[in-house]
Amino acid sequence: MKRALLSPVLALVLQAGAALGGVPAPATPRAQALWDAWPRARVSPPDPWALKHAGLRAAVDDLQTRHPGLFTIVEEGVSSEGRKIPLLRVGNGPKGVLLWSQMHGDEPTATAALLDVLNWFGANRSDPAVRELLSNLTLWIIPMLNPDGAERTQRRNAQEIDINRDALRLSSPEGRFLKAVRDRVKPVIGYNLHNQNPNLLAGQMGGQVAIALLSVPGDAALTETEGTRATKRLAVTVQRLLAPFAAGRISRYDMDYTARAFGDSMTRWGTATLLIETGGWAGPGEAERLVRLNFVALIGSLSAIADGSLEAVPSEDYARIPMNVREALFTLVLRHARLAGGRGLPPFTADLAFVVPGPFAGDSHHRREPAVVDVGDLAHAHGLTEVDATELFAVPWPNPPAGDWPSLKASLQAQGLAEVEEAALLAAVRALGTPAVARPGYEGPVLLYRPGAAGRLSLEGAILRGTLVGGRPAGTAGLPAPSAPRQ
Ligand SMILES: [Zn+2]
């Protein structure tokens, strides 16, 4: 296969965390054993977003057949649209732990991990550590609280209610079910399992957040109680378990106390709750790596509760986990381009940040399409892909033909715009009649030209749907094509 090579100035600096993240600590034997065990334990699908209500039911039935007596479906809630919401009971210990996943229908990573956790418990029931876990704890698991949202791959339920803001009013059947389960089984610990915006940094010096943790407060004053100390210890435990596999990628979730949210209410009601938010890991195998981290975090931290080792974990280390940093990590940042201003303005130097949305909304407004999200001096920001455009002229081109880079390039060539003088190019942009302005929300391509001899510009590539495209034939001077981010 002939590979396109990028010219030297389109230099890529891929820094998806590893470059920023620091040196991994050695894994504890428990963490390493769990990490190594996951490929064998895995029953979840390659794409957690493909797991819908029917698939979940089939997977739960299959686990019951594989591991008779491992768990019982003690009760089934009913969603707004009549889908059944199974509550599983595993173990028979004195300490109750309630785990619920996917109360936001488009946040399935932990749901997949819970299936793998159940299979691992089943396959290792004779192991003394697993016996200890299941005789000290009773796990109450709701793997998919919002099946109607999952069916639509949307955050909210079929009533368009955010269940995680319905803990007080309880207008949603899913919220009422969760509250009723809590009130009946009175677990001491809760695990509230979500996905967050994947484009966050773990502290200003950290990498892309893979897992964010929050010891959920029970009041606005963030009063420390025995319960919140326990969940701080749990967060520190998870951070330590995962540090070897996700150095610099574990953070603290940033959220104020929210009385109508479920985690906060659970803590207030007496079930101290740990929030686990799965983030992102740009590059191949992202979804699987994140499920694997959840698998290690869940079993490792539950084991620490069961064997009492949690008590020795210093809760004050929680404050040292770096915070989520928002608006500082983007899919792609184009640096120091000379940008055609549009609106008749002269060109100026600017950075451009692009975001390619993931498959879920997260906790901000959902962008459906890749778009420019910021323009100007973005020195504070990081790109999962960085493009140095110091010598390039960047031109928004909002009327592209449908299709990919070859069709865009062919169209520009046909219009005589592949090799062109700047004035003629800008005149062609004006003639489009569409304002060609790279502003937040702009979804069109940004063409990248290199100035040559006698003021001629030469088309070199483009940012198309948030991705760098283009290049020169193999054999000319240049850097290799974009590779996967370092793992
Ligand atoms: Zn969520």
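Worth saying up front: this structure is predicted, and the values here are computed from it rather than measured.

Engineer: Hey, could you go over the overall build of the chain for me, with residue numbers and the actual values?
Structural biologist: Each helix and strand counted, the chain has twelve helices and 20 strands in total. The C-alpha atoms of the chain give 25 Å as radius of gyration, which agrees with the globular expectation for 487 residues (23 Å, within 12%). Dimensions of the chain, computed from C-alpha atoms along their principal axes, come out at roughly 80 × 45 × 45 Å. Taken across its 487 residues, the chain has 56% of its residues classed as buried. A separation of at least 24 residues holds for 79% of the contacts in the chain among residues at least 6 apart in sequence. Within the structure as shown, the chain displays about 19,400 Å² of accessible surface, and the carbon and sulfur contribution to it stands at 54%. Each charge class in the chain can be summarised by its mean position, and for the 49 positive and 47 negative side chains these summaries are 2 Å apart.

Engineer: Give a description of the domain arrangement of the chain that names residues and reports values.
Structural biologist: If you check the domain split of the chain, you get domain 1 (42-325) and domain 2 (327-470). The gap between the C-alpha centroids of domain 1 and domain 2 is 40 Å. On the domain 2 side, the residues contacting the 17 residues of domain 1 number twelve residues. Summed over both sides, the interface of domain 1 with domain 2 buries roughly 1,300 Å², with 59% coming from carbon and sulfur.

Engineer: Would you mind going over the coordination of the zinc ion in detail, with residue names and values included?
Structural biologist: All of the protein donors around the zinc ion are His104 (ND1), Glu107 (OE), Glu107 (OE) and His194 (ND1); their distances to the metal are 2.0 to 2.6 Å. Between consecutive donor residues of the zinc ion, the sequence gaps follow H-x2-E-x86-H. You can see Glu107 sitting in the loop between β4 (95-101) and α4 (109-123) and its partner His194 sitting in strand β6 (residues 189-195), a full 87 residues away along the chain. You'll find Glu107 and His194 in the same group, each marked buried.

Engineer: Can you explain the packing of aromatic side chains? Please cite residues and give values.
Structural biologist: Evaluation of the coordinates by the stated rule reveals four aromatic pairs. Consider the rings of Trp120 and Phe121, whose centres lie 6.0 Å apart with planes at 55°: the pair is tilted. For Trp120, a relative accessible area of 15% translates into the label buried. Pairing Trp120 with Phe295 gives two aromatic rings, centres 6.5 Å apart and planes at 90°, and the pair type is edge-to-face. Taken together, the positions of Trp120 in helix α4 and Phe295 in helix α10 (residues 286-306) put the pair 175 residues apart, joining distant regions of the chain. Each member of the pair, Trp120 as well as Phe295, carries the same accessibility label: buried. Taken together, the aromatic side chains of Trp120, Phe121 and Phe295 make up a single cluster linked through ring pairs.

Engineer: Account for the pattern of salt bridges, with residues named and values stated.
Structural biologist: Counted under the stated rule, the structure contains 24 salt bridges. For Asp307, the salt bridge identified is with Arg30, shortest N-O distance 2.4 Å. Linking Asp307 in the loop between α10 and β11 (324-325) with Arg30 in helix α2 (residues 29-41), this pair joins segments that are 277 residues apart in sequence. Relative accessible area serves as the criterion here: at 30%, Asp307 is assigned to the partly exposed category. Relative accessible area serves as the criterion here: at 32%, Arg30 is assigned to the partly exposed category.

Engineer: How would you summarise the nonpolar core if you had to cite specific residues and measurements?
Structural biologist: The biggest cluster of nonpolar side chains holds 78 residues, and the ones touching the most others in it are Leu139, Tyr191 and Leu293. Counting 21 residues, the second-largest nonpolar core is a separate cluster that includes Ala340, Val420, Ala436 and Ala462.

Engineer: Tell me about the sheet that holds strand β9 (residues 250-252), and please be specific about residues and values.
Structural biologist: Taken together, eight strands build an open sheet; the order of strands is β2-β3-β5-β4-β6-β10-β8-β9 and the sheet is mixed. Two strands lie at the open edges of the sheet, namely β2 (71-78) and β9, each paired on one side alone. Looking at each pair of strands side by side, their axes are set apart by 20° on average, direction ignored. Relative to β9, strand β8 (residues 211-215) runs parallel, the two being bridged by three bridges. Along β9, the bridge assignment pairs Ile211 with Ile250. Contacts from α4 reach β2, β3 (84-90), β4, β5 (137-142), β6 and β10 (272-278), with the element oriented near 135° to β4. Running over the sheet, α10 touches β4, β5, β6, β8 and β10 and is turned about 170° from β6.

Reading guide: rules and limits
Residues numbered from 1 in each chain as written. Predicted model: local features only at pLDDT ≥ 70, side-chain atom pairs only at ≥ 80, totals over all residues. Heavy atoms only, no water. Helix = DSSP H or I, 4+ residues; strand = E, 2+ residues; numbered from the N terminus. Rg over C-alpha atoms; globule rule 2.2 N^0.38 Å. Buried < 20%, exposed > 50% of the residue type's maximum accessible area, 1.4 Å probe, protein only. Contact = heavy atoms within 4.5 Å. Areas by Shrake-Rupley, 256 points an atom, 1.4 Å probe, with all protein chains shown as cover. Lys, Arg positive; Asp, Glu negative; His and termini not counted. Charge placed at Lys NZ, Arg CZ, Asp CG, Glu CD. Domains from an automatic or database assignment. Buried area = accessible area lost by both parts, 1.4 Å probe. Donors = N, O, S within 2.8 Å, 3.2 Å for Na, K, Ca; no water. Phe/Tyr/Trp six-rings, centres within 6.5 Å; stacked < 30°, edge-to-face > 60°. Salt bridge = Lys/Arg side-chain N within 4 Å of Asp/Glu carboxyl O. Core = buried A, V, L, I, M, F, W, Y, C linked by side-chain atoms within 4.5 Å. Pairing = 2+ DSSP bridges. Axes fitted to C-alpha atoms, helices over the stretch in contact; angles between N-to-C directions.

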